[in-house]
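# A closer look at the structure
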Amino acid sequence: SARSAALLAKVNVAASEFKFVLSKKTARRGVVVFKVKNVGKISHDFEIKGRKTKMLSPGQSATLRVTFLRKGSYPYKCTVPGHAAAGMKGVFKIT
């Protein structure tokens, strides 16, 4: 239905050394589909709200569907040791 479609947001996430580039940094409450692609040269993953993709080799993609029921700020990061500290982290806002 149009109503459920309106609650679905799509965000492209490009992972590289050592940053994430998101196509948008905010969404409304509901389901957010993060399409994560590793455009870097080493393996990365993407974690938000306790959910994470598999480890992505260079060139690989994965899709993460996450339901956000509350407004707020949700940190995201790469869980590979040292990567978040090197800059692979940020905050996604639900409005």
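Further up the page is the structure itself.
Residues take numbers from 1 onward in each chain, read along the sequence in its written order. Reporting of local features is limited, given that this is a predicted model, to residues whose pLDDT is at least 70; pairs of side-chain atoms are given and counted only at 80 or more, and all residues count toward the totals for whole chains, interfaces and linings. Each side-chain value is worked out from all heavy atoms of the structure, with water and hydrogens disregarded.

### A closer look at the pattern of salt bridges
When a carboxyl oxygen of Asp or Glu is within 4 Å of a side-chain nitrogen of Lys or Arg, the pair counts as a salt bridge. Summed over all chains, the structure comprises two salt bridges. Here Asp45 makes a salt bridge to Lys52, at a shortest N to O gap of 3.9 Å. Accessible area is worked out with a 1.4 Å probe on protein chains only. A residue is then buried under 20% of its type maximum, exposed over 50%, and partly exposed in between. Among the residues examined, Asp45 registers a relative accessible area of 2% and is labelled buried. On the basis of relative accessible area, Lys52 is assigned to the partly exposed category, the value being 45%. Close ionic contact of Glu47 with Lys77 constitutes a salt bridge, the shortest N to O distance being 3.8 Å. With Glu47 in strand β5 (residues 47–48) and Lys77 in strand β8 (residues 72–77), the pair connects residues that are 30 residues apart, well separated along the chain. Taking the relative accessible area as the measure of exposure, Glu47 reaches 22% and is therefore partly exposed. Under the DSSP-based scheme used, a helix requires at least four consecutive residues in state H or I and a strand at least two consecutive residues in state E, with every element numbered from the N terminus.

### What about the nonpolar core?
Here the nonpolar core consists of buried residues drawn from Ala, Val, Leu, Ile, Met, Phe, Trp, Tyr and Cys, with membership extended through side-chain atoms lying within 4.5 Å. Judged by nonpolar contacts, the single largest core of 24 residues is most densely connected at Phe20, Val32, Phe34, Phe46, Ile48 and Phe92. If you list the elements that add at least two residues to this core, you get β1 (8–16), β2 (19–22), β4 (30–38), β7 (61–68), β8 and β9 (89–94). Working rule for contacts: check all heavy atoms of both residues, and any pair within 4.5 Å makes them a contact. Those residues in contact with Val32, other than ones at most four positions away along the chain, are Ala9, Val11, Ala27, Leu64, Arg65, Val66, Phe68, Phe92 and Ile94.

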